[in-house]
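One letter stands for each residue in the lines below.
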Amino acid sequence: MIVRGNHVPFAAAAIVALVLHGCGGGGGGSAASTPPLAMQPEPEPTPPVTATYTITGIVRTSGSQATDSDNNDPARPSLANDTPSTAQAIGNPITLGGYANQPGSGPPGRSLDSGDIDDFFRVELLAGQRITMLVADYTEADADLYLYDLQGNVLDFSVETGEVESLLIPTDGTYFINVFAFAGGTNYILAVGTNNLAAGASPLRAEIVPWQSVVTFHDTPHGEHDSSAQHDATRRLGMMNRSAGRSRGRSRLMAMQRDARIEQRLGSAMAKLGAMQTAQLRARWETLLTIKQLRREPQIASAEPNYRVRALATPNDAAFPFQWHYPLIGLPQAWDTSSGDPGVVVAVVDTGILAAHPDLAGQLVPGYDFVSDPLSAGDGDGIDPDPQDSGSQLGGGSFHGTHVSGTVAAAGNNSLGVVGTAYSSRVMPLRALGNGGSGTSYDVGQALRFAGGLANDSGSVPERPADIINLSLGGAPFSASRQALYRELRAAGVMVVAAAGNEASTAPGYPASYQGVLSVSAVDAQRRLTSYSNSGASIDLAAPGGDNSVDLNGDGYPDGVLSTGASRDANGLRFEYTFLSGTSMAAPHVAGVLALMKSVNPELIPEDIDALLATGELSDDLGIPGRDDEFGYGLINANQAVQAALAATGGSPANNPRLVASASTLNFSSAVESLELVLKNGGGGDLALQTLQVSQPWLSINAIDSDAEGLGVYRIAVDRTALDAGTYGAYVTATSTRNSVSVRILMVVGDGSSSGDIGLAYILLYDTASDELAAQYVSTVDQGHYAFQFDDIPPGRYEIIAGSDADNDLVICDPGEACGAWLTLDQPIVLDVQGDVQDINFPIEYQVSLPALRGLSESQANSKAVVAKKRQH
């Protein structure tokens, strides 16, 4: 979150010698006048400024983002969407940020007194799509999700108490989506898209026994008979004990009297009673709402539905369907040969690790903390054997090292969260970057020496040196002594992978440009170089880095790289899964693939990797044929690389031909006319494409670059000219000599919705020398762009941050709000102002984090990836 006020430290943007190479991500918009700065103490006299300058630019949002038209920000004109008759039209797929509250709840603003209990959205949906709501302030508030038909009947609902509400769409049609504030006030993210919550991710649709609840009471201080308060709570809600025998100290089965105390049980949701379409739906709804009310009683420790259970297969990693970046590089096919080996270790030199994250349990070997400055370390000492990421600042730190480590080796097949590239291998966490994601080249050097089993300041070496080192960092210039260290590591057989950097520059950046280091640029879901990625003569490979500003796969979430993460606020730490973008995210894909190769061929050394790279055996060529400065030798191909490593041992190549596609869904939204699809043999052996079919006449497919077997790159195009306004779905089906694959197509005609609008954008200019707000600009959207202009700016070094403030708490970039920074969010670039600056351009997008889907307690609470920043009132 970023607080929109004055004199707030901006440690997350501080750039010292080394910083994270990570995450983040036309026509001018009409803008409101900039408010004056708040009253401040009289400043000390300063020398007169001889010149001032102007900074102009735009902040852009994608067409797949929208905002609730009546949020709590009074500075933005409000358009009521409180009833089906005033429902706000939205596109599909979409990511929408909103705010809802009960009267008297939440921060001061437009709806504090009157409340904004209901938000209704009208949308065309396709069968099998899913609506997911992420409740931002779920520890203090409670919001529910309803699905209505156009006649005003409730067709389905999700009324959990927690962070996620989700509904699956039964048939094609036009629907009303209703966000309902059950208690308190909260921001929320509404994601509409393809089935974006994996089966087994939560018990949202688990079968329950109606009119029953399993209740546990807090222990009473005077024994079983002193329980009048407990009885009062259950009687007030029309509950009766159905447990046999003595029930003190254990859960009780409670029955609800169906028509008793109904107003107390349903609360403000009582108005929805008559809209329930069936008696079964009403029974489930009343049961779950009563349980929500029970949970609010101080005498009750827990209240749960009485679930019906049966023997079922355990599903695997719940969030894997969102890891689009793995099929793009052939990882699922590589896993048929190897998922890694516990004896193969990848050292991640970064901000440290959250070792207690449930998807990293059992995936780590002992590491070390090499942050030598106690102030930067944030853990009270200098170097020590504990590489825990302190995340010491409230709202600060993206837990970058935890995200990178998850991409390398998050646990697989554990029915939880995400999966790592080499999930059977291990990570050695080495902390060299401290508070704000910054550190020194010396500390990084000591971590490198430790990883390679070389003498270092810790006075110790690991039991077994790392096989691969990942460096998702950069910032220091060339150093002859550092080059010598990389040669020493290479001579010891250690492979080093580094992020190319996020400055959109062609200049050499280090450590990625050192000889002997594999430099990795970043591509998006269409295999295009991202806008932020560095390029140049040192690039060796490309890998998925993501782009949080778009949703090309139509799942309702940004196309960032999804991996392990966490957040922190006043309530503590909560483990979760975050979408981040950057070359920091690209590098660990390559490090993980090297771990897979090392697992099938332990004798591999860096020189072998060089040879395989030069012959094209590790990658799919992109861009200019052969090596080029954007993609190096091409996009890493995990399956091809593993097979090449296996062949080097004399092993037989796999004979498992299988047609695979680079995406399972392509989202054309309302403006995209064509996208690319790659069809290839995901296994070994022979395979040829036989037919390509489209299911609708408005869809066409043409080869861009295909081989004699028909495999290669195809352009998928849509033609909207003869179509009425609406949401359309179709399929491209490819049939080979071995199997068939279908790719779902989503497309919108005549959108007419509020897409491309995140509400008012507060654009802040921060002076890095004083860590203070220098200026603020408030901008409204114009065709997806927010124009800004800062006038009378003295010479100096500045950073530009932008965000929305839906709940009007004077803090931008809260959960459920949009956020962006020039050039990327996790690594804001310092702007050296020595004259007028024009054409600043960067994206703003909703920051989406998925909760850890099981196994966590509520005491492990919440936060964001940037340091707090206030806007002006």
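Residues numbered from 1 in each chain as written. Predicted model: local features only at pLDDT ≥ 70, side-chain atom pairs only at ≥ 80, totals over all residues. Heavy atoms only, no water.

## Remarks on the overall build of the protein
- A count of helical and extended segments in the protein gives 11 helices and 49 strands.
- Per-residue burial over the protein gives 60% buried out of 873 residues.
- Counting every atom, the protein has about 31900 Å² of accessible surface; 51% of that belongs to carbon and sulfur. (Helix = DSSP H or I, 4+ residues; strand = E, 2+ residues; numbered from the N terminus. Buried < 20%, exposed > 50% of the residue type's maximum accessible area, 1.4 Å probe, protein only. Areas by Shrake-Rupley, 256 points an atom, 1.4 Å probe, with all protein chains shown as cover.)

## Structural notes on unusual backbone geometry
- Omega for the bond connecting Asn92 with Pro93 falls within 30 degrees of zero, at -5 degrees, which places this linkage in the cis form.
- Inspection of the secondary structure assignment puts Pro93 in the loop between β6 (88-89) and β7 (94-101).
- Along the chain, Tyr510 connects to Pro511 via a cis peptide bond; the corresponding omega equals 15 degrees.
- Mapped onto the elements of the fold, Pro511 is located in the loop between β25 (495-499) and β26 (517-523).
- A positive phi angle is found at Asp771, which is not glycine, with a value near 55 degrees.

## With respect to the sheet that holds strand β17 (residues 252-256)
- With antiparallel pairing, the 4 strands of this open sheet are ordered in space as β16-β17-β15-β18. Whereas interior strands pair on both sides, the edge strands pair on one side only; in this sheet they are β16 (239-241) and β18 (300-307). Taking each pair of neighbouring strands and ignoring which way they run, the sheet shows an average axis angle of 35 degrees.
- Sheet analysis places strand β15 (residues 208-217) next to β17, joined by 4 bridges and oriented antiparallel. Paired with Val215 across the strands is Arg252, a residue of β17. (Pairing = 2+ DSSP bridges. Axes fitted to C-alpha atoms, helices over the stretch in contact; angles between N-to-C directions.)

## As for the confidence of the model for the protein
- Residues of the protein with pLDDT of at least 70 account for 86%, and the chain-wide mean is 87.
- Contacts of residues 311-315 to residues separated by more than four positions or lying in other chains number 4 contacts, the stretch itself having pLDDT below 50.
- In the model, residues 854-868 has pLDDT below 50 throughout and makes 63 contacts with residues more than four positions away in sequence or in other chains. (pLDDT = per-residue confidence, 0-100. Contact = heavy atoms within 4.5 Å.)

## What to know about a negative patch on the surface
- Together, Asp686, Asp705, Asp707 and Glu709 give the surface a local cluster of negative charge.
- Along the chain, Asp686 falls in the loop between β34 (674-681) and β35 (689-694).
- Judged by its relative accessible area of 67%, Asp686 falls in the exposed class. (Patch = residues over 30% accessible without salt bridge, like charges linked within 9 Å, V, L, I, M, F, W, Y side chains within 5 Å. Salt bridge = Lys/Arg side-chain N within 4 Å of Asp/Glu carboxyl O. Lys, Arg positive; Asp, Glu negative; His and termini not counted. Charge placed at Lys NZ, Arg CZ, Asp CG, Glu CD.)

## A closer look at the packing of helix α6 (residues 400-409) against helix α9 (residues 583-600)
- α9 packs onto α6 with a crossing angle of 35 degrees between their chain directions and a minimal axis gap of 8 Å. Every pair of crossing elements has a handedness; the one defined by α6 and α9 is right-handed. In this structure, α6 uses His400, His403, Val404, Thr407 and Val408 to contact α9, whose residues at the interface are Ser584, Met585, Pro588 and His589. (Left-handed = near helix turned anticlockwise from the far one by under 90°.)

## Things to note about helix α11 (residues 638-647)
- Within α11, 7 of the 10 residues are buried, which leaves it mostly tucked inside the rest of the structure.
- Buried residues in α11 make contact with α4 (331-334), α9, α10 (606-614) and β31 (635-636).
- The N-cap residue of α11 is Asn637: its side-chain oxygen and the backbone nitrogen of Asn639 are 3.3 Å apart. (Polar contact = N/O pair within 3.5 Å; in protein donor to acceptor, adjacent residues only side chain to side chain.)

## Brief notes about the pairing of strand β12 (residues 164-168)
- Among the 5 residues that make up β12, 4 are buried, leaving the element largely enclosed by the rest of the structure.
- Summarising the sheet, strand β9 (residues 130-135) and β12 pair through 5 bridges and their orientation is antiparallel. From the neighbouring strand, Leu134 faces β12, where its bridge partner is Val164.

## Let's talk about the packing of aromatic side chains
- Counting across every chain of the model gives 17 aromatic pairs.
- Summarising the aromatic geometry, the rings of Phe320 and Trp335 are spaced 6.0 Å apart at their centres and angled 50 degrees between planes, so their arrangement reads as tilted. One end of the pair, Phe320, is in the loop between β18 and α4; the other, Trp335, is in the loop between α4 and β19 (345-350), and 15 residues separate them in sequence.
- Exposure remark for Phe320: the relative accessible area of 29% places this residue in the partly exposed category.
- Judged by centre distance (5.9 Å) and plane angle (85 degrees), the ring pair of Tyr326 and Trp335 falls under edge-to-face.
- An aromatic cluster of at least three residues, connected via ring pairs, comprises Phe320, Tyr326, Trp335 and Tyr423.
- Positioned over the ring face of Tyr146 is Lys272, at 4.9 Å from the centre of the ring. (Phe/Tyr/Trp six-rings, centres within 6.5 Å; stacked < 30°, edge-to-face > 60°. Lys NZ or Arg CZ within 6 Å of the ring centre and 35° of its normal.)

## Structural notes on the environment of Asp172
- Following the sequence through the fold, Asp172 ends up in the loop between β12 and β13 (173-183).
- When its relative accessible area of 53% is taken as the criterion, Asp172 is described as exposed.
- Taking C-alpha positions, Asp172 is 8.6 Å from Gly128, a pair spaced 44 residues apart along the chain.
- Sequence-distant contacts of Asp172, defined by excluding residues within four places in its chain, comprise Leu125, Leu126 and Ala127.
- Among the polar contacts listed, one links the side chain of Asp172 to the backbone nitrogen of Ala127, at a separation of 2.7 Å.

## Observations concerning the side chain of Ser166
- Its place among the elements puts Ser166 in strand β12.
- Side-chain polar atoms of Ser166 contact the side chain of Arg130, separated by 2.9 Å.

## Looking at the sheet that holds strand β38 (residues 726-736)
- The 4 strands lie next to each other as β33-β39-β38-β35, forming an open sheet whose pairing is mixed. Since the sheet does not close on itself, it has two edges, and those belong to β33 (665-667) and β35, each with one partner. Going from strand to strand, the sheet's axes swing by 15 degrees on average, the running direction of each strand aside.
- Inspection of the sheet shows β38 paired to strand β39 (residues 740-749) by 10 bridges, in the antiparallel sense.

## Remarks on the nonpolar core
- Grouped together as the largest cluster of nonpolar side chains are 57 residues, with contacts concentrated most on Ile468, Val497, Leu594 and Met597.
- Top contributing element to this core by residue count: α9, with 11 residues.
- Setting aside anything within four residues of it in sequence, one finds Met597 in contact with Leu604, Ile609, Leu612, Leu618, Ala641, Val642 and Ala645.
- Formed by 43 residues, the second largest nonpolar core is a distinct cluster that contains Phe788, Ile800, Phe842 and Leu850. (Core = buried A, V, L, I, M, F, W, Y, C linked by side-chain atoms within 4.5 Å.)

## Some details on the pattern of salt bridges
- On inspection of all chains with the given rule, the structure shows 19 salt bridges.
- The shortest N-O distance in the salt bridge between Asp142 and Lys292 comes to 2.5 Å. Of this pair, Asp142 sits in strand β10 (residues 142-148) while Lys292 sits in helix α3 (residues 279-295), placing them 150 residues apart in sequence. The residues Asp142 and Lys292 share a single accessibility class, namely buried.
- Salt-bridge contacts for Glu488 lead to Arg449; the nearest nitrogen and oxygen are separated by 3.7 Å. One end of the pair, Glu488, is in helix α8 (residues 480-491); the other, Arg449, is in helix α7 (residues 441-451), and 39 residues separate them in sequence.
- A relative accessible area of 35% places Glu488 in the partly exposed class.
- Put simply, Asp70, Arg110 and Asp116 are held in one network by salt bridges that share partners.

## Some words on the state of the cysteines
- Scanning the entire structure with this criterion turns up 1 disulfide.
- Here Cys813 connects covalently by a disulfide to Cys819, the sulfurs 2.0 Å from one another. Between Cys813 and Cys819, the disulfide has an S-S torsion of 80 degrees and is therefore right-handed. Just as Cys813 is buried, Cys819 falls in that class too. (Disulfide = S-S within 2.5 Å.)

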